[in-house]
Amino acid sequence: MKLEQDFHIHTHCSCDAACAQLAEIIKGCRQNGYRHFGISDHLHTRFNLPDIEIARKEFLACGPVPGFHFGIEVTCATQWECEKIAKRDFASCFTCEVNGRKFQTMTPIDGIMYGGPANGPLMVDLTREDIDRLGIEYVIGGVHKPNYTPQEPQPMIDDYFNQSCFLVNHPLVDILAHPWNGLPFWSGYNIVTDDPEDVHPDIFFQIPGEYWDELAHLLTANGKIAELNCCNLFYEFEKSARFLLEKMADWKSKGVKFSFASDLHGAVYPDAAKASALLTEYGFTEEDFALPPRLRDSR
Ligand SMILES: [Zn+2]
Ligand SMILES: [Zn+2]
């Protein structure tokens, strides 16, 4: 199988440590022979909108490049934090107590991580008007943090499932990013303890079968795409990476369609041959991949 696409690539405009220049991305994707590829920087909340505006300007400055697209990666946020961000009420995000320890951030760049009500309403802080104005061709939605639930294995599996369902059902989201990624980290308090024991790389085995089945059902019923993301494919705990791949292959047999995601954060776009070989091993073919709806005419 040959990979023909990558819709999940971060540029140096992204609010995190991503550092690739657009020219490098275009060069790397051409070397891989992709028919379609796109950049998708983070929007956790509207606080990150200026970064997306800059990415859009840089995208347009590249001129028309065949197969090169402009996307975005949104986070499943909470209404509570989005309202605070809208009012520029950031005080609560600077210092708070997390599991009895002090947690500090300088800005709400990743959203407001702590202090909100557990199980409150979820939200994607992007509108159809933003999509039109910024020429966003597809939206990737990802779970990137707990939404004020206890950071323990069982509640966090439930939280991830709940957020994933919300994203797949959301009318603006086309692609579900890296299913379950980050669960080993967020199911413990490593963020404040720095203790490796607080990361649970084998937590994926505890996800109930019904959760996998329900997500497969929602993906197909809503015509949404699931990601084969390198952060899952090459997760350092190999037994978990293999398990996730088996589950993705099972989704495939249930009719789920996929997109490939390098989720590049580095400066240089890599050779995708290793990912392609791995996916071939698990029975994936070109037929298992789909384009986001707004790109289907350009096939
Ligand atoms: Zn992500
Ligand atoms: Zn990403």
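Up top is the structure.
Residues numbered from 1 in each chain as written. Chains lettered and ligands numbered in written order. Predicted model: local features only at pLDDT ≥ 70, side-chain atom pairs only at ≥ 80, totals over all residues.

A short note on the overall build of the chain
Helices and strands together make up the secondary structure of the chain, namely 12 helices and 11 strands. Along the first, second and third principal axes, the C-alpha atoms of the chain reach 50 × 40 × 35 Å. Counting across all 299 residues of the chain, residues that qualify as buried make up 43%. The long-range fraction of contacts in the chain, counting pairs at least 24 apart against all pairs at least 6 apart in sequence, stands at 80%. (Helix = DSSP H or I, 4+ residues; strand = E, 2+ residues; numbered from the N terminus. Buried ≥ 20, exposed ≤ 12 C-beta atoms within 10 Å, placed from the backbone. Contact = placed C-beta atoms within 7 Å.)

Observations regarding the pairing of strand E3 (residues 68-75)
Counting buried positions along E3 yields 7 of 8 residues, so the element is predominantly enclosed. With respect to chirality, the unit in which strand E2 (residues 36-43) leads through helix H2 (residues 49-61) into the neighbouring parallel E3 is right-handed. (Right-handed = clockwise from strand over helix to strand, strands pointing away.)

Focus: the pairing of strand E5 (residues 95-98)
Across 4 bridges, the pairing between E5 and strand E6 (residues 101-104) is antiparallel. In the strand pairing of E6, Glu97 is matched with Lys102. Turn length for the E5-E6 hairpin, with the two strands adjacent in sequence and antiparallel, is 2 residues, and the turn residue Asn99 shows positive phi of about 50 degrees. (Pairing = 2+ DSSP bridges.)

Quick notes on the sheet that holds strand E10 (residues 225-229)
Taken together, 7 strands build an open sheet; the order of strands is E1-E2-E3-E8-E9-E10-E11 and the sheet is parallel. Of all strands in the sheet, those bounded by a partner on one side alone are strand E1 (5-9) and strand E11 (257-261). Two strands pair when backbone bridges link them, and E10 and E11 are joined in this way by 5 bridges, in the parallel orientation. By the bridge assignment, Ala226 is partnered in E11 with Phe258.

A short note on helix H11 (residues 238-253)
The end-to-end C-alpha separation of H11 is 23 Å, in line with the 22 Å expected for 16 residues at 1.5 Å each. Burial in H11 covers these residues: Ser240, Leu244, Leu245, Met248, Trp251 and Lys252. Taken end-on, H11 shows its buried residues confined to a sector of 140 degrees, consistent with a single buried face. Exposed side chains of H11 directed beyond 90 degrees from the buried face belong to Glu238, Lys239, Glu246 and Ser253. (Expected span 1.5 Å × (residues − 1). Arc of directions from axis to C-beta.)

Topic: the packing of helix H6 (residues 153-169) against helix H9 (residues 209-221)
In the contact formed by H6 and H9, the axes pass within 9 Å of each other and the chain directions differ by 10 degrees. With respect to H9, the element H6 is oriented roughly parallel. Two secondary-structure elements touch here, H6 through Phe161, Ser164, Cys165, Val168 and Asn169 and H9 through Tyr211, Leu215, Leu218 and Leu219. Tallied by class, residues from the contact of H6 with H9 come to 7 nonpolar, 2 polar and no charged. (Axes fitted to C-alpha atoms, helices over the stretch in contact; angles between N-to-C directions. Parallel < 35°, antiparallel > 145°, perpendicular 65-115°, else oblique. Nonpolar A, V, L, I, M, F, W, Y, C, P; charged D, E, K, R; others polar.)

Details of unusual backbone geometry
With the exception of glycine, the majority of residues adopt a negative phi angle, and the majority of peptide bonds are in the trans configuration. Phi angles above zero are rare outside glycine, and Arg88 is one such case at about 55 degrees. Mapping Arg88 onto the fold places it in the loop between helix H3 (79-86) and helix H4 (91-94). Although it is not a glycine, Asn99 adopts a positive phi angle of roughly 50 degrees. For Asn99, the location among the structural elements is in the loop between E5 and E6. Classification of Asn99 by C-beta neighbours within 10 Å gives partly exposed; the count is 15.

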